[in-house]
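Residue-level listing of the chains:
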Amino acid sequence: MKSPFKSLPSVEKVLSDNRVETLVQRYSRQVVVDLVRSEIDTARQTILDGYAAPDFDRLVQAIEESAETNWREWPVHVINATGVILHTNLGRAPLSREATDAARRAALGYSDLELDLDTGRRGSRQAHISNLMAEVTGAEAAIVVNNNASALLLGLAALASGKEVIVSRGEAVEIGGGFRVPDVLRQSGATLIEVGTTNRTYARDFEEAITENTGAILAVHASNFRITGFTHAPELSELVELGARHSVVVLHDLGSGCLLDTTAYGLAHEPMAQESIQAGVGLGFFSGDKLLGGPQAGIIAGKRQLIDIVARHPLARAVRIDKMSMAALAATVLHYIKGEAEEKVPIWRMIAMPEGEVASTAERWQAKLGDQASVESAMSTIGGGSLPGETIGSWVVVIDCRNRPGGAEALANALRHGDTPVIGRIEDERVLLDPRTVLPEEEESLLAVVTDAIRA
Ligand SMILES: *Cc1c(COP(=O)(O)O)cnc(C)c1O
């Protein structure tokens, strides 16, 4: 009997196939040769395991599929029709045109990132952004790092390593993605001292815990859940007053770090960076890509003397922000300085979009999609660890899938596999598309994908 291994083609034979030659042209000979070898090895293993070897065509197909999935451009642009404005799985905040241009400029050529153009000497990548952040928050100075998690780690390591940090029991929380306040504290070398109870903590609980070993008081914004009912937390100003009396620095993890007043948009109040600084905290920590509406970044704003200590800590270099994010952040903050954030920052445009405008977009879509689609009122959410439970009245296009093969899951899957993937949400065997989170320039692609999917 012929050995089954004899049916395996040589690397040369596979490489001479037209389809594989195309791959060699598109990528490079070396990576395709490696891929061919690896697929032949896989086939050999299949035979060793007692199964039939794939025939030549199946082998080439596997090679093509592997190249297409592993070497595709990534991440691909998707259209967010979920109605969740800050969707962590979709990259949180989309950037403004100006912020995108700034990041592109910083990426395409050289820049004065760390060069002082006046003196020709080395400059600081933090000086300019520190001034901008000081301007919008009222802080004396600021430093910007990779993200808020690393900002907090850096701040605690620089100010409280080897010391005790007092945190309310109700605020020793998990933010998501495995980020837990107690773990970050431990990593920073500080010891967590929990005070109060899950629902009620008073300033005196903090005061009783202060010792000569206290490095800081840390207040954390419960950004992704809400405790209601019989609750109490001390005002930030009470903690600041307490800290001043005992010479203990107060740190405030704001989470989102909003610069606009969310109550003006019918939402609950989200702590603002300005308020935190106004209350007199030593340092406030917040994200660049939540309600600020910029790139991933962590901002530490507060007293200059503390910022200087943080900036000199070796971890500051380890969590340094890159030039593209820095450029995008500076451009985003400029929108606030110019008073144009609501028109220019995409997430604020979405938050501010009147219900009537969402409704008329939904109706326009429905008219193009035909009678498989209908329009009804619904709720958009902020998401991304901001304003838990808060919703904005909205309108959605609904595609009822109860009589479609595969139901809503199948349609949602088809939408995710459109030329531009469209991400909707599923409710009761229906696919919902919320225009609030769809950018105007995405409308045409969205309608093409949805039209194709509902006809299929
Ligand atoms: C989101 C969040 C963080 C983490 O911020 P990243 O920028 O995602 O690293 C930390 N603390 C709070 C309270 C948050 O809401």
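Rules of the game
- Residues numbered from 1 in each chain as written.
- Predicted model: local features only at pLDDT ≥ 70, side-chain atom pairs only at ≥ 80, totals over all residues.
- Heavy atoms only, no water.
- Axes fitted to C-alpha atoms, helices over the stretch in contact; angles between N-to-C directions.
- Helix = DSSP H or I, 4+ residues; strand = E, 2+ residues; numbered from the N terminus.
- Parallel < 35°, antiparallel > 145°, perpendicular 65-115°, else oblique.
- Contact = heavy atoms within 4.5 Å.
- Nonpolar A, V, L, I, M, F, W, Y, C, P; charged D, E, K, R; others polar.
- Near = heavy atom within 4 Å.
- Polar contact = N/O pair within 3.5 Å; in protein donor to acceptor, adjacent residues only side chain to side chain.
- Phe/Tyr/Trp six-rings, centres within 6.5 Å; stacked < 30°, edge-to-face > 60°.
- Lys NZ or Arg CZ within 6 Å of the ring centre and 35° of its normal.
- Domains from an automatic or database assignment.
- Buried area = accessible area lost by both parts, 1.4 Å probe.
- Salt bridge = Lys/Arg side-chain N within 4 Å of Asp/Glu carboxyl O.
- Buried < 20%, exposed > 50% of the residue type's maximum accessible area, 1.4 Å probe, protein only.
- Core = buried A, V, L, I, M, F, W, Y, C linked by side-chain atoms within 4.5 Å.
- Pairing = 2+ DSSP bridges.

*Asks:* What's the story with the packing of helix α7 (residues 148-160) against helix α12 (residues 304-312) in this structure? I'm lost.
*Replies:* Axis angle and axis distance: for two packed helices, these are the angle between their axes and the distance between the axes, and together they describe the pair. Direction vectors running N to C along α7 and α12 enclose 100 degrees, while the axes themselves pass 9 Å from each other. As far as their axial angle goes, α12 and α7 are roughly perpendicular. Two secondary-structure elements touch here, α7 through Leu154, Gly155, Ala158 and Leu159 and α12 through Leu306, Ile309 and Val310. In terms of residue class, the contact of α7 with α12 is made up of 6 nonpolar, 1 polar and no charged.

*Asks:* Would you take a moment to explain the site of the ligand for this structure?
*Replies:* Ala149, Ser223, Asp253, Ser287 and Lys290 are the nearest of the 13 residues found near the ligand. The side chain of Asn147 places a nitrogen or oxygen atom 3.3 Å from an oxygen atom of the ligand. Of all the elements in the fold, those that place two or more residues in the shell around the ligand are α7 and β8 (249-255). Here the residues of the shell around the ligand sort into 3 nonpolar, 7 polar and 3 charged.

*Asks:* Teacher, can you tell me more about the packing of aromatic side chains here?
*Replies:* According to the stated counting rule, one finds 2 aromatic pairs in the structure shown. The interplanar angle of 50 degrees and the centroid separation of 5.2 Å between the aromatic rings of Tyr265 and Trp348 together place this pair among those described as tilted. Within this pair, whereas Tyr265 is found in the loop between β8 and α11 (273-279), its partner Trp348 is found in helix α16 (residues 346-352), the two being separated by 83 residues in sequence. Across the ring face of Phe56, the terminal group of Lys13 is positioned such that the distance to the ring centre comes to 4.3 Å. Just above the ring of Tyr202 sits the side chain of Arg204; from NZ or CZ to the centre is 4.5 Å.

*Asks:* Where do I start with the domain arrangement of the protein chain in this structure?
*Replies:* Note: interface size is frequently given as the accessible area lost on complex formation between the parts. As far as domains go, the protein chain holds domain 1 (4-71), domain 2 (79-87 + 348-455) and domain 3 (95-344). A straight line from the C-alpha centre of domain 2 to that of domain 3 covers 34 Å. Of the roughly 1600 Å² buried between domain 2 and domain 3, counting both surfaces, carbon and sulfur atoms make up 63%. Sorting the residues of domain 2 by area buried against domain 3 places Trp348, Leu387 and Pro388 first, and these three jointly supply 45% of that buried surface. In this structure, the connection of domain 2 to domain 3 is made through 2 salt bridges. The shortest N-O distance in the salt bridge between Glu390 and Arg226 comes to 3.2 Å. At the level of secondary structure, the elements contributing two or more residues to the side of domain 2 that touches domain 3 comprise α16 and β12 (391-400). Of all the elements, α16 adds the most residues to the side of domain 2 that touches domain 3, at 4 residues.

*Asks:* Help me understand the environment of Leu152, please; the structure alone is not making it clear to me.
*Replies:* Position of Leu152 relative to the elements: it lies in helix α7. With 32 residues separating them in the primary sequence, Leu152 and Val184 have C-alpha atoms 7.7 Å apart.

*Asks:* Just to check I follow, could you spell out unusual backbone geometry for this structure?
*Replies:* Leaving glycine aside, a negative phi is the common case for residues, and trans is the common case for peptide bonds. With an omega of -5 degrees, the peptide bond between Trp74 and Pro75 qualifies as cis. Note that Pro75 resides in the loop between α4 (56-70) and β1 (79-80). We note that Arg92 has phi near 55 degrees; this positive angle belongs to a residue other than glycine. With respect to the helices and strands, Arg92 occurs in the loop between β1 and α5 (97-108). Here Arg92 falls in the partly exposed class, since its relative accessible area comes to 23%. Its identity is not glycine, yet Asp428 carries a phi of approximately 50 degrees, on the positive side. Within the secondary structure layout, Asp428 lies in the loop between β14 (425-427) and β15 (430-433).

*Asks:* Looking at this model, I keep getting lost on the nonpolar core. Mind explaining?
*Replies:* A general trend in soluble globular proteins is that nonpolar side chains are found buried together. With 52 residues, the main nonpolar core has Met133, Ile217, Leu291, Leu329 and Ile382 as its most contacted residues. Here the element with the most residues in this core is helix α14 (residues 323-337); it accounts for 5 residues. Those residues in contact with Ile382 that lie beyond four places of it in its chain are Val84, Ile85, Leu86, Leu267, Leu291, Ile351, Leu387, Glu390 and Ile392. Listed in part, the 31 residues of the second largest apolar core include Val184, Leu185, Val220 and Phe285.

*Asks:* When you look at the sheet that holds strand β2 (residues 141-145) in this model, what are you seeing that I'm missing?
*Replies:* Two pairing modes exist for strands in a sheet, parallel and antiparallel, and in both the strands are linked by backbone hydrogen bonds. Strand order in this open sheet of 7 strands is β2-β10-β9-β8-β7-β3-β6, and the pairing throughout is mixed. Taken across any chain shown, the strands that pair with only one partner, and hence form the sheet edges, are β2 and β6 (191-195). Recorded for the sheet is a direction-independent mean angle of 25 degrees between the axes of neighbouring strands. Contacts between helix α6 (residues 127-137) and the sheet are confined to β2, β9 (283-287) and β10 (298-302), with β2 contributing the most and set at about 120 degrees to the helix.

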